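Coordinate analysis (summary)
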Amino acid sequence: QVQLVESGGGLVEAGGSLTLSCAASGMLFSIMRMGWYRQAPGKQRELAAHITNGGGLYYADSVKGRFTISRDNRKNTVYLQMNSLKPGDTAVYYCNAFNPFTSTSSWGQGTQVTVSS
């Protein structure tokens with residue numbers, strides 16, 4: 001059974017940092033493209049960053065230079081290091097695993113990040 005479990009969310013002041021983790025199970029993690037999406041109240045879910053199975057990186061313009069995505073294939077875990085957080089980063093952050101061979105996707109339950117001004 002595929003499972004993604006996020007952790008590391010919380011409340012932080014503007015300018016602070018948080019690191020999100022997503023532990024995956026029930027999948028061949030190393031072949032997956034892993035991503036972090038976020039959804040703010042009243043807005044659509046948007047891609048923040050992803051990392052391919054080859055280590056290729058993508059960042060949304062809104063987080064570029066502040067967020068860093070990484071993965072540890074030995075631990076089946078993907079991370080999102082978030083620095084210089086802004087109130088506009090407040091959202092529920094979701095971990096996503098995309099299988100590029102089957103075009104199927106799995107989601108975690110989400111973790112809340114709240115940045116106070």
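For the structure, see preceding data.
Quick summary incoming for the structure in this document. Predicted model, so just to flag it, every value in this text is computed and none were measured.

This next bit is on the overall build of the chain. Counting its secondary structure elements, the chain contains zero helices and eleven strands. What you see for the chain is a C-alpha radius of gyration of 13 Å, in line with the 13 Å of a compact globule of 117 residues. With respect to the principal axes defined by its C-alpha atoms, the chain has extents near 40 × 25 × 25 Å. For the chain, the residues scored as buried account for 41% of the 117 residues in total. Within the chain, contacts between residues at least 6 apart in sequence are counted, and of these 54% link residues at least 24 apart. Accessible area for the chain stands at about 6,100 Å²; split by element, carbon and sulfur atoms hold 50% of it.

A few words on the sheet that holds strand 8 (residues 77-82). The sheet built from four strands is open, its strands ordered 1-3-8-7 with antiparallel pairing. Single-partner strands in this sheet number two, and they are strand 1 (3-7) and strand 7 (67-72). With direction set aside, neighbouring strand axes in the sheet form an average angle of 15°. Sheet analysis places strand 7 next to strand 8, joined by six bridges and oriented antiparallel. Counterpart to I69 in the pairing with strand 8 is L80.

Analysis parameters
Residues numbered from 1 in each chain as written. Predicted model: local features only at pLDDT ≥ 70, side-chain atom pairs only at ≥ 80, totals over all residues. Heavy atoms only, no water. Helix = DSSP H or I, 4+ residues; strand = E, 2+ residues; numbered from the N terminus. Rg over C-alpha atoms; globule rule 2.2 N^0.38 Å. Buried < 20%, exposed > 50% of the residue type's maximum accessible area, 1.4 Å probe, protein only. Contact = heavy atoms within 4.5 Å. Areas by Shrake-Rupley, 256 points an atom, 1.4 Å probe, with all protein chains shown as cover. Pairing = 2+ DSSP bridges. Axes fitted to C-alpha atoms, helices over the stretch in contact; angles between N-to-C directions.

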